[in-house]
Amino acid sequence: VTIVFDEVNVFTFPHSRIKKLMNCCTSKFGHTDFTSLNDFEELLIGLQCIFTEFMAHEQIENHLVMKKLRKKLKQNSPMDDTELICNCHKVDRFTPLMALFRDGYAFIRRGNADRMSYGVRLHKAMITFYNDFVPHMNEEENGIQPLLSKYFTDIELKMMRTQVIKMTLKK
Ligand code: FEO
């Protein structure tokens, strides 16, 4: 078992923020009355805002972490390690969800029953996302972080972590 201390772990800070935002989405859902147009619109706006941040998180990781790691791996790594990185963000998790949120606005002018059934669809999509994204974050923390620790010095990782935090807070 590799123990990676928090100060050199580039994933823990943004992931704890994402987990907080995921709880925020669940709570927004719980408090939404789908028969209320105001509630419904607020939910859609809130979800778009939160998922825009999730998309930014992936871009930050690609730019500040994965690209650098891939470069190191190319120089001196077995094929398995490269595969792990290359497949990590291969699936586009966000475009279909953002499209679903945008589609939701058409339901503002529709009846309650339509809005409720859209709500059920939305809820299912969110659960599918959580069930996929939580293991993804675990994979980064437990599979990719040890690779970072293998190929980068503690100083380099501390700098990388600082950049990640800075960009995360900027978004
Ligand atoms: Fe940290 Fe790739 O999500």
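Here, every reference points to the structure presented above.
For the structure given in this document, a descriptive report is provided here. (Residues numbered from 1 in each chain as written. Predicted model: local features only at pLDDT ≥ 70, side-chain atom pairs only at ≥ 80, totals over all residues. Heavy atoms only, no water.)

All right, on to the packing of helix 1 (residues 12-30) against helix 6 (residues 154-170) then. Their axes nearest at 9 Å, the elements helix 1 and helix 6 cross at an angle of 30 degrees. It follows that helix 1 is roughly parallel to helix 6 by the angle criterion. Touching Thr12, Phe13, Pro14 and Arg17 of helix 1 are Arg161, Val164, Ile165, Thr168 and Leu169, all from helix 6. The class makeup of the residues in the contact of helix 1 with helix 6 is five nonpolar, two polar and two charged. (Axes fitted to C-alpha atoms, helices over the stretch in contact; angles between N-to-C directions. Helix = DSSP H or I, 4+ residues; strand = E, 2+ residues; numbered from the N terminus. Parallel < 35°, antiparallel > 145°, perpendicular 65-115°, else oblique. Contact = heavy atoms within 4.5 Å. Nonpolar A, V, L, I, M, F, W, Y, C, P; charged D, E, K, R; others polar.)

Before going further, it helps to examine the packing of aromatic side chains. One pass over the structure, following the stated rule, counts 13 aromatic pairs. Ring geometry for Phe54 against Phe129: centres 5.9 Å apart, planes inclined by 10 degrees, an arrangement best described as stacked. Of this pair, Phe54 sits in helix 2 (residues 37-76) while Phe129 sits in helix 5 (residues 112-151), placing them 75 residues apart in sequence. Summarising the burial analysis for this pair, Phe54 and Phe129 share the class buried. When the centroid spacing of 5.9 Å and the interplanar angle of 55 degrees are considered together, the rings of Phe94 and Phe129 count as tilted. Here Phe129 lies in helix 5 and Phe94 lies in helix 4 (residues 94-104), a separation of 35 residues in the sequence. (Phe/Tyr/Trp six-rings, centres within 6.5 Å; stacked < 30°, edge-to-face > 60°. Buried < 20%, exposed > 50% of the residue type's maximum accessible area, 1.4 Å probe, protein only.)

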